[in-house]
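In case you want the letters, here they are:
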Amino acid sequence: MLIVFIGPPGSGKGTQSKRLLEYLRIGHLSTGELLREAKAAGTPLGKLAADYMDRGRLVPDNLVLEMVAEKLGDDRYQAGCMFDGFPRTLAQARSFDEMLAKLGTPLDIALELRADKDELVSRMLKRAAAEGRPDDNPQTIAHRFEVYRQQTSPLLDYYRFKGILSVIDAMGTPDDVFTRIKTAVEKRRKT
Ligand code: AMP
């Protein structure tokens, strides 16, 4: 089963996708995590991506697509995977569909985590205090919301049109949200 997770900053994508992959026992590919690793390791990709990430901007599509294409070569991901934080733009979504068409493994479901903005900002400020991520300061947070609205939210219509979008209410406790996600995924598995 191939799943994409879409949600604004602070919507719990990371936490929920980890829980879902433990439940489904499939691979997990988080472009944010891979980019943070590349940055920490000081690889050429990490160096190119660092400035965009620290400013809360999207890393250019070609860099992200190359990184994902390399990972998709691994059978582990083709057997089943959750894509977390990818795709983030329509161009990424279209190229991703082309890659998957070549592999003969189309996406099964796009999960959108939806929550109100005040709740999301408060969660992110808490995370900033706990984890000290450099892109979790108030100015960058505001910018990341804007990037989401402008560049990522068009994906929702793209996947809705394909008939694979499931909207998940991301308000409430992590357990409540996870129950909703499981229900949506099980429904899709049966179709
Ligand atoms: P995340 O952990 O998914 O919130 O990603 C953290 C940062 O990594 C983002 O603010 C972007 O700068 C970068 N990033 C992660 N995934 C992507 C992507 N699919 N396309 C472009 N930039 C990305």
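You'll find the structure just up there.
Below or above, wherever it landed, is the structure these notes cover. A quick note: this is a predicted structure, and the numbers were derived from the prediction, not measured. Sequence order as written defines the numbering, with residues in each chain counted from 1. Whole-chain, interface and lining totals are the exception, using all residues; otherwise, since this is a predicted model, local features are given only for residues with pLDDT of at least 70 and side-chain atom pairs are given and counted only at 80 or more. Side-chain calculation: all heavy atoms of the structure are included, whereas hydrogens and water are not.

The subject of this paragraph is the pattern of salt bridges. Salt bridges are counted wherever a side-chain nitrogen of Lys or Arg sits within 4 Å of a carboxyl oxygen of Asp or Glu. Evaluated as defined, the whole model comprises 12 salt bridges. Residue Asp51 is joined to Arg55 by a salt bridge in which the shortest nitrogen-to-oxygen separation is 3.2 Å. Asp51 gets classed as partly exposed once you look at its relative accessible area, which sits at 45%. For the exposure calls, accessible area comes from a 1.4 Å probe over protein chains only, and a residue counts as buried if that area is under 20% of its type's maximum, exposed if over 50%, partly exposed in between.

Looking now at the site of the ligand. Near, as used in this document, describes a residue that has one of its heavy atoms within 4 Å of the molecule or strand being considered. Close contacts around the ligand come from 17 residues, with Thr31, Arg36, Arg57, Gly85 and Gln92 the closest. Interatomic distance of 3.0 Å between a backbone N/O atom of Gly85 and a nitrogen atom of the ligand. Pairs of N or O atoms are called polar contacts if they sit within 3.5 Å, as long as, within protein, a hydrogen donor faces a hydrogen acceptor (for residues adjacent in sequence, only side-chain-to-side-chain pairs). At a separation of 2.9 Å, a nitrogen atom of the ligand approaches a polar side-chain atom of Gln92. Per-residue and other accessible areas were derived by the Shrake-Rupley procedure at a 1.4 Å probe size, with only the shown protein chains allowed to occlude residues. Contact with the protein chains covers 95% of the free accessible surface of the ligand, which is 480 Å². No other element matches helix α2 (residues 31-41), which puts four residues into the shell around the ligand. Three residue categories are used. Nonpolar comprises Ala, Val, Leu, Ile, Met, Phe, Trp, Tyr, Cys and Pro, charged comprises Asp, Glu, Lys and Arg, and polar comprises the others, including Gly. A per-class count over the shell around the ligand returns six nonpolar, four polar and seven charged. Numbering of helices and strands starts at the N terminus; helices are DSSP runs of H or I of at least 4 residues and strands are runs of E of at least 2.

Attention shifts here to the packing of aromatic side chains. Think of it this way: a Phe, Tyr or Trp ring, Trp meaning its six-membered ring, pairs with another when their centres are within 6.5 Å, and the plane angle makes it stacked under 30 degrees, edge-to-face over 60, tilted otherwise. Scanning the entire structure with this criterion turns up four aromatic pairs. On the numbers, 5.2 Å between centres and 75° between planes, the contact of Tyr158 with Tyr159 is edge-to-face. In this structure, Tyr158 and Tyr159 share a single accessibility class: buried. Note on criteria: charge over ring means Lys NZ or Arg CZ within 6 Å of the ring centre, with the direction from the centre no more than 35 degrees off the ring normal. Its guanidinium or amino end placed over the ring of Phe145, Lys117 lies 5.2 Å from that ring's centre, counting from NZ or CZ.

Strand order in the open sheet formed by five strands is β2-β3-β1-β4-β5, and the pairing between neighbours is parallel. The two strands at the open ends of the sheet, each matched to only one other strand, are β2 (27-30) and β5 (165-169). Averaged over all pairs of adjacent strands, the angle between their axes in this sheet comes to 20°, without regard to strand direction. Here, a strand pair is defined by DSSP locating no fewer than two bridges between the strands. One ladder, built from four bridges, connects β2 with strand β3 (residues 81-84); its direction is parallel. Following the sheet pairing, Ser30 is matched in β3 by Asp84. Every axis in this analysis is a line fitted to C-alpha atoms, fitted for helices over the stretch in contact. Angles between the N-to-C directions lie between 0 and 180 degrees.

Cis peptide bonds are those with omega within 30 degrees of zero, and the linkage from Phe86 to Pro87 qualifies with -10°. You can see Pro87 is positioned in the loop between β3 and α6 (90-103). Here Arg25, not a glycine, exhibits a phi torsion of approximately 55°, which is positive. Structurally, the position occupied by Arg25 is in the loop between α1 (13-24) and β2.

Interaxial distance between helix α7 (residues 117-131) and helix α8 (residues 138-152) falls to 11 Å at its minimum, and their mutual angle equals 140°. By the angle between their axes, α7 is oblique relative to α8. Handedness of the α7/α8 crossing: right-handed. Of the residues in α8, those touching α7 at Lys117, Leu120, Val121, Met124, Leu125 and Arg127 are Pro138, Ile141, Arg144 and Phe145. Residues of the contact of α7 with α8, tallied by class, amount to seven nonpolar, no polar and three charged. When describing relative orientation, an angle under 35 degrees is termed roughly parallel and one over 145 degrees roughly antiparallel, while 65 to 115 degrees is termed roughly perpendicular and anything else oblique. Here is the rule for handedness: rotate from the far helix to the near one, and if that takes an anticlockwise turn smaller than a right angle the crossing is left-handed, while a clockwise turn gives right-handed. In this analysis, two residues are considered to be in contact whenever any of their non-hydrogen atoms come within 4.5 Å of each other.

Take the side chain of Thr89 next. With respect to the element layout, Thr89 can be found in the loop between β3 and α6. Among the polar contacts made by the side chain of Thr89, one reaches the side chain of Asp61 at a distance of 3.1 Å. Within the local environment of Thr89, its side chain forms a polar contact with the backbone nitrogen of Gln92, the two atoms lying 3.0 Å apart. Excluding residues that lie within four positions of it along the chain, Thr89 makes contacts with Leu58, Asp61, Gln151 and Leu155.

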